[in-house]
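Architecture at a glance
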Amino acid sequence: SAAITATVFDDSSELLGGGCGVAGFGVFRGASIAGVATLRLLATNTAIRITGNRDADGIGVMGLGAYRDDARATAGNVTIVAANTTVHITAGSKNGGVGGLGLGAAHSGSNATVVAITAAAFNTTIRIAGDNNEGLGILGIAARLNGHATAGNATTAAA
């Protein structure tokens, strides 16, 4: 088993945090990541915890997340499998553009794009906590406020 813990923190006056990829791609405020033709992500018996001191934006946890100012996360064919896994994403205020076993994009022309995505979760828990949640693709695809999440083909399963 494995445990992964990440804190997304920015000590600026805005107290914003973003751009975190844990077995995935996360981009924030104009950043870009272009992935390989095939991306395979597997977690078994794993606990993943992401915490934002205020905001947690552009987070990719076994997925792709993009947030604000034309941020772009791009991959070809993506296969994601999580078994006996727990994912917690917590923000003091807001989660935006979060891909948790999926694709999420939010705000100002952000893009999370794949050719095809296949995602499966077995005996897996995903918890998202925050006062305001925007563009959360959890075992799916989501976009909000001029964000774009695109997949040519998508297949998801949960058991």
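Our structure's up above, just so we're on the same page.
Residues numbered from 1 in each chain as written. Predicted model: local features only at pLDDT ≥ 70, side-chain atom pairs only at ≥ 80, totals over all residues. Heavy atoms only, no water.

1. As for the overall build of the chain
Along the backbone of the chain there are zero helices and 17 strands. For 159 residues, the compact-globule formula gives about 15 Å, and the C-alpha radius of gyration of the chain, at 14 Å, lands near that figure. Taken along the three principal axes of its C-alpha coordinates, the chain extends 40 × 30 × 25 Å. A buried classification covers 45% of the 159 residues belonging to the chain. The positive charge centre, built from 9 side chains, and the negative charge centre, built from 9, are 8 Å apart in the chain. (Helix = DSSP H or I, 4+ residues; strand = E, 2+ residues; numbered from the N terminus. Rg over C-alpha atoms; globule rule 2.2 N^0.38 Å. Buried < 20%, exposed > 50% of the residue type's maximum accessible area, 1.4 Å probe, protein only. Lys, Arg positive; Asp, Glu negative; His and termini not counted. Charge placed at Lys NZ, Arg CZ, Asp CG, Glu CD.)

2. Here we look at the sheet that holds strand 10 (residues 86–91)
Across the sheet, which stays open at both edges, the four strands sit in the order 1-6-10-14 with parallel pairing between neighbours. Looking at which strands have only one partner, the edges of the open sheet turn out to be strand 1 (2–8) and strand 14 (125–129). On average, each strand axis in the sheet is inclined to that of its neighbour by 5°, with strand direction left out of account. The sheet contact formed by strand 6 (residues 46–52) and strand 10 spans six bridges and is parallel. Within the sheet, the bridge partner assigned to Thr51 lies in strand 10 and is Thr90. (Pairing = 2+ DSSP bridges. Axes fitted to C-alpha atoms, helices over the stretch in contact; angles between N-to-C directions.)

3. Concerning the pairing of strand 8 (residues 64–67)
Burial along strand 8 is two-sided: Leu64 and Ala66 facing one way and Gly65 and Tyr67 facing the other are all buried. Of the strand pairs in this sheet, strand 8 and strand 12 (residues 103–106) are connected by four bridges, and their pairing is parallel. Directly across from Gly65, in strand 12, lies its bridge partner Gly104.

4. Some details on the environment of Asn133
Residue position: Asn133 is located in strand 15 (residues 132–138). Given a relative accessible area of 32%, Asn133 falls into the partly exposed group. Not counting residues within four places of it along the chain, the set of residues in contact with Asn133 comprises Asn95 and Ile128. Side chain to side chain, Asn133 and Asn95 meet in a polar contact 2.9 Å long. (Contact = heavy atoms within 4.5 Å. Polar contact = N/O pair within 3.5 Å; in protein donor to acceptor, adjacent residues only side chain to side chain.)

That's the geometry; what it means functionally is another story.
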